[in-house]
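A structural walkthrough
Here's the letter readout for the chains.
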Amino acid sequence: DSESDSSGSGLEARPGGRRGGPPKPRGRGGALERGRARAQRGKRPEPCPPRRARRRPPCEPEDPERELRRQRRAQRFQGGAGTGGHPKKARPNPPPAPGSPPGHGPAPGHAPGHAQAEGLDWEQVKILGTCQEVTKKYLRLTCAPDPATVRPVPVLRQALALVRSHWQQHRDYAWACEQLKSLRQDLTVQGVRTEFTVEVYETHARIALEKGDHEEFNQCQTQLKALYGENLPGCVGEFTAYRILYCIFTNNSGELTTELSLLPPSLRSDPSVSHALSLRAAWALGLYSRFFRLHSSAPAMGPRLIDLFAERERRRALRAFLKAYRPALPTAQLGPLMGLEPPERRRFLGGLPLTFTGPDRGAIDCRQSLAALPHI
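As annotated in an unreviewed UniProt entry, the chain carries the name PCI domain-containing protein and comes from Zosterops borbonicus.

Here is the structure:
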């Protein structure tokens, strides 16, 4: 007995035992167990009975006192965020600015007399300006405007006449653009959408087009499209043609298709619109010589708008000519084809990586210049 106790205690204390379990028997008994285990390996295990699904306890009815405590905690958190959990005292709303319409006062938390201008509907907010200054600096609105800083329509008519005369004399686009944007802002905040509004936007669009500011021109023509949709009189045919040409400039085929599908038959006979449609067809078919002939004969301010993308179309035409002509293309023929005078033609060809041939280098070697097509 003493020997068995000592041997048993020694086996239990051996550090190599598997997770503290009983040691494996040795000798014949151990071999017999191993043989039984090998015999059981090839047999399929018997299917175990499925486990019973755990039953969830039924939902307890909601405690009204617990819900009340949760709401109180949420109110304390909202009122005391950033102040250590203590609710802030509600500030009284400031009175509305004098002259502002009821129901459009400043939002809580803003300075007195200020309201966010982004959420205001200018068609509903009817502000009547009282300012008598003819010129006014343009400032971006961040709050409801004060009627004392807004000019009424009679003063705005004087301001438009002053801008036109100043532009004709000084050609100061920065000053003219600022005054015209201030004019448009005063019309917008007063909800004025009349024939005079159309006149202001048309004037700004023409001046921007003359200066080459296509972004400001696009803003004006977008507003003009909406004003024309309200049956307000204006130069509808002229600016419809400008919209078609502007779609060609931006390569916006989707908008161009929409414009053409909504074009009424009465406008298609307009000289400006008819010319724009002919130029659009030449551009779509790749008829470059016809395209540049129409460029030079565009009515009104169409040539200035076509100038925005004429360089791009000349490069496309030159790539087509280099692929079509063999073995050489005389540079003198490029003038009529691309609408270029000799000085402009030399300046245009001089900035391109072309290979010239001939005694006076008066022709383009089309075969050698094909390698330069990706750079044209």
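1. Considerations on the overall build of the chain
Counting its regular elements, the chain contains 16 helices and three strands. Here the chain, with 376 residues, has 33% of them falling under the buried criterion. Expressed as a percentage of contacts within the chain between residues at least 6 apart in sequence, the contacts between residues at least 24 apart total 58%. In the form shown here, the chain has an accessible surface area of approximately 25,000 Å², with 52% of it arising from carbon and sulfur atoms.

2. Remarks on the packing of aromatic side chains
Across all of its chains, the model carries nine aromatic pairs by this definition. Consider the rings of phenylalanine 217 and tyrosine 242, whose centres lie 6.2 Å apart with planes at 65°: the pair is edge-to-face. Taken together, the residues span a long stretch of sequence, with phenylalanine 217 in helix α7 (residues 214-229) and tyrosine 242 in helix α8 (residues 236-250) at a distance of 25 residues. Both residues of the pair, phenylalanine 217 and tyrosine 242, count as buried. Measuring from ring centre to ring centre gives 6.0 Å for phenylalanine 217 and tyrosine 246, while their planes differ by 50°; the resulting arrangement is tilted. Of this pair, phenylalanine 217 sits in helix α7 while tyrosine 246 sits in helix α8, and the two are 29 residues apart along the sequence. Just as phenylalanine 217 is buried, tyrosine 246 falls in that class too. In this structure an aromatic cluster arises from ring pairing among Phe217, Phe239, Tyr242, Tyr246, Phe249, Phe291, Phe292 and Phe309.

3. Details of the sheet that holds strand β2 (residues 356-357)
What the three strands build is an open sheet, ordered β1-β3-β2; its pairing is antiparallel. A single partner strand is all that each edge strand has here, and the edge strands are β1 (328-330) and β2. Sheet analysis places β2 next to strand β3 (residues 363-365), joined by two bridges and oriented antiparallel. When the bridges of β3 are listed, phenylalanine 356 appears paired with isoleucine 364.

4. Topic: the side chain of threonine 203
Mapped onto the elements, threonine 203 comes out in helix α6 (residues 195-211). By relative accessible area, threonine 203 is classed as buried at 7%. Other than its neighbours up to four places away in sequence, threonine 203 contacts Leu160 and Arg164.

5. Things to note about helix α11 (residues 271-285)
A rise of 1.5 Å per residue sets the reference length of α11, with its 15 residues, at 21 Å; its end C-alpha atoms lie 21 Å apart and thus fit the reference within 8%. Within α11 the residues assigned to the buried category are Ser272, Val273, His275, Ala276, Leu277, Leu279, Ala282 and Trp283. Tucked inside the fold, the buried residues of α11 contact α8, α9 (253-261), α10 (265-268), α12 (288-296) and α13 (302-324). In this structure aspartate 270 caps α11, since a side-chain oxygen of it lies 3.0 Å from the backbone nitrogen of serine 272. Of the residues flanking the end of α11, it is glycine 286, one or two places downstream, whose phi is positive at about 75°.

Conventions and cut-offs
- Residues numbered from 1 in each chain as written.
- Predicted model: local features only at pLDDT ≥ 70, side-chain atom pairs only at ≥ 80, totals over all residues.
- Heavy atoms only, no water.
- Helix = DSSP H or I, 4+ residues; strand = E, 2+ residues; numbered from the N terminus.
- Buried < 20%, exposed > 50% of the residue type's maximum accessible area, 1.4 Å probe, protein only.
- Contact = heavy atoms within 4.5 Å.
- Areas by Shrake-Rupley, 256 points an atom, 1.4 Å probe, with all protein chains shown as cover.
- Phe/Tyr/Trp six-rings, centres within 6.5 Å; stacked < 30°, edge-to-face > 60°.
- Pairing = 2+ DSSP bridges.
- Expected span 1.5 Å × (residues − 1).
- Polar contact = N/O pair within 3.5 Å; in protein donor to acceptor, adjacent residues only side chain to side chain.

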